[in-house]
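For reference, the chains in residue letters:
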Amino acid sequence: MLDPLAALTDAFTSFLFGKVETTRLPVRTSTGQAQAVYLPTAAPGLGDSGVIIGREVYSGKGYIYDPFQLYGQQLPAPHWLVLGESGNGKSALEKTYVLRQLRFRDRQVVVLDAQGEDGVGEWNLIAEQLGITPIRLDPTAALNGGIRLNPLDPSITTTGQLALLRTIIEVAMGRGLDERSGFALKVAHSTVLGEFGDGGDDSGAPRQPVLTDIVEQLRHPEAEAAEAMNVDIDDVRAWGLDVALVLDRLVDGDLRGMFDGPTTAGIDLDAPLIVFDLSHIDRNSIAMPILMAIVGVWLEHTWIRPDRKKRIFLVEEAWHIINSPFVAQLFQRLLKFGRRLGLSFVAVVHHLSDVVDGAAAREAAAILKMASTRTIYAQKADEARATGQVLGLPRWAVEIIPTLTPGIAVWDVNGNVQVVKHLITEAERPLVYTDRAMTEASEVSASSALPTDEARALEAAADAEAEQRAEALALARQLQGESSETVA
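Calculation notes
- Residue numbers restart at each chain and count upward from 1, following the sequence in its written direction.
- Local features in a predicted model are, by the rule used here, given only for residues with pLDDT of at least 70; side-chain atom pairs are given and counted only at 80 or more, and totals for whole chains, interfaces and linings are based on all residues.
- Processing note: side-chain calculations cover all non-hydrogen atoms of the structure and skip hydrogens and water entirely.
- The rule for pairing is simple: two strands pair if DSSP sees at least two bridges between them.
- We count a stretch as a helix when DSSP gives it H or I for four or more residues in a row; a strand needs E for two or more, and each element gets its number in order from the N terminus.
- Working definition: with a 1.4 Å probe on protein chains only, accessible area under 20% of the residue-type maximum means buried, over 50% means exposed, and in between means partly exposed.
- What the arc measures is the spread of directions leading from the helix axis to the C-beta atoms.
- Structural elements are reduced to axes, namely lines fitted to C-alpha atoms, with helices fitted over the stretch in contact, and the angle between N-to-C directions of any two is expressed from 0 to 180 degrees.
- Roughly parallel here means an angle under 35 degrees, roughly antiparallel means over 145, roughly perpendicular means 65 to 115, and every remaining angle is called oblique.
- Note on contacts: a residue pair qualifies if any of its non-hydrogen atoms lie within 4.5 Å across the two residues.
- Note on residue classes: Ala, Val, Leu, Ile, Met, Phe, Trp, Tyr, Cys and Pro are nonpolar, Asp, Glu, Lys and Arg are charged, and everything else, Gly too, is polar.
- A 3.5 Å cut-off defines polar contacts: any pair of N or O atoms within that distance qualifies, except that in protein one atom must be a possible hydrogen donor and the other a possible acceptor, and neighbouring residues in sequence count only when both atoms are side-chain atoms.
- Salt bridge criterion: a side-chain nitrogen from Lys or Arg within 4 Å of a carboxyl oxygen from Asp or Glu.

**Overview of the pairing of strand 2 (residues 62-65)**
- Relative to strand 2, strand 1 (residues 51-56) runs antiparallel, the two being bridged by four bridges. Counterpart to V51 in the pairing with strand 2 is Y65.

**Some words on helix 17 (residues 361-370)**
- Listing the buried residues of helix 17 in full gives E363, A364, I367, L368 and M370. Down the axis of helix 17, the smallest arc covering the buried residues is 160°, so these residues share one side. With respect to the buried face of helix 17, the exposed residues turned more than 90 degrees away are R362 and K369.

**Things to note about the packing of helix 7 (residues 158-173) against helix 13 (residues 287-302)**
- Where helix 7 contacts helix 13, the axes come no closer than 9 Å and their chain directions differ by 170°. It follows from the interaxial angle that helix 7 and helix 13 lie roughly antiparallel. Where helix 7 approaches helix 13, its residues G160, L164, T167, I168, V171 and A172 are matched on the opposing element by P289, I290, A293, I294, V297 and H301.
- Its residues assigned to classes, the contact of helix 7 with helix 13 shows nine nonpolar, three polar and no charged.

**Structural notes on the side chain of T96**
- Along the chain, the position of T96 falls in helix 4 (residues 90-101).
- What makes T96 buried here is its relative accessible area of 1%.
- Looking at T96, its side chain comes within polar contact range of the main-chain oxygen of A92, at 2.9 Å.
- A distance of 3.2 Å separates the side chain of T96 from the backbone oxygen of L93, its partner in a polar contact.

**What about the pattern of salt bridges?**
- Within the structure shown, the criterion is met by 15 salt bridges.
- The closest approach of N and O atoms between D277 and R136, which form a salt bridge, is 2.8 Å. Of the two residues, D277 is situated in strand 8 (residues 273-277) and R136 in strand 7 (residues 135-136); the sequence distance between them amounts to 141 residues.
- For D277, a relative accessible area of 2% corresponds to the buried category.
- By relative accessible area, which is 29% here, R136 ends up partly exposed.
- Close ionic contact of R333 with E300 constitutes a salt bridge, the shortest N to O distance being 2.9 Å. Of this pair, R333 sits in helix 15 (residues 325-339) while E300 is found in helix 13, placing the two residues 33 residues apart along the sequence.
- For R333, a relative accessible area of 33% puts it in the partly exposed group.
- On the accessibility criterion, E300 (9% relative accessible area) is buried.

As structure tokens, this is what we get:
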């Protein structure tokens, strides 16, 4: 007990200054115990309007993403880059994203389907379920009534036609056109358009100009063109010889049938989903980037219109576009032009090193800069570091990428970085995990083939494992931060 004087002093002090807290001894504890003192926090999401992707791994919140809703507020551009090694769920994400976007009435999607087995593309089943026939481009079937796309289609502007012809030739030659060859091509193109400017030939029968006409003019140039430049006609013919030989491959070589005739009638550009099936084209052949260039330019002038619709252009094996400087330049213009008309370009690439170290490094960097959304699935540690350096990802995201399980990815939406688990509904599962998709997502799709209860148990176990890894990484970062503060 306090003595009377001390008690009187304490009472007088409390009356004047209020109750004085007693002094407590310091408590020593561990980080794991002390973390309960701090309330759980989570970064803000992207809003509640748009397409649901799944849920955030750290907070458990639903993750909703829509470039058309976010454009102008949180996104400077609506374009999207998807990266990751095979077997981690890129294909499932693409398909469910498109199916969910198509629930909106004002959405249209074009898919360049470059993968497939059993003679059909990977998107064939989804197209069938929606009552849509894929546009199958096949050099073996083109001569027997198959689909053709005409680079000289009258719906494409004169400037667009000439740019497309130059791109086709430059991709096939592997180098740019010199001034003389470019002049010979320009003269041939101008002459052909002059002959078919009224939509018909000398007999009056309507016909689109085709590549055969360009090849013929290159072999037999008009004398007027040579006289206009004060050069000999034989020189003009020599300048266009290499160009004629390249185009002849599309007319009468191994690529004939797809581009050397009028555009096939009946292609429904008003359908909600348009699938170009490129699975019959050798992915490593020169035909793939040429075909993508022709499809891209043709869509630019026929599909994209100022009708207030929101359009999505999804390209698988997009390295064929980004890795070619000539094709990349065409698509770079398309992306800039389409942004004003509501176009979201989605490029799917396995490795970023496939494009940033190629011949089109400058063009690739420009396209990557326009992709404000980046989704990165699991990659090896060295690839993850290279990807993080190019895309400017935070260090914690780079560290976690090699540990990601299938279906979980790092999402970077203009600097808002989250770890997101993609969720698939029971209705979507049979459309997403087809036999062809299993070759890419073997681990995920194998669980879908199991009975429902077992599949769900495996999914719950995968979730728990991912959360444990995330917590462990967060704890490691916290300890690292505390140790650095102690040293300081």
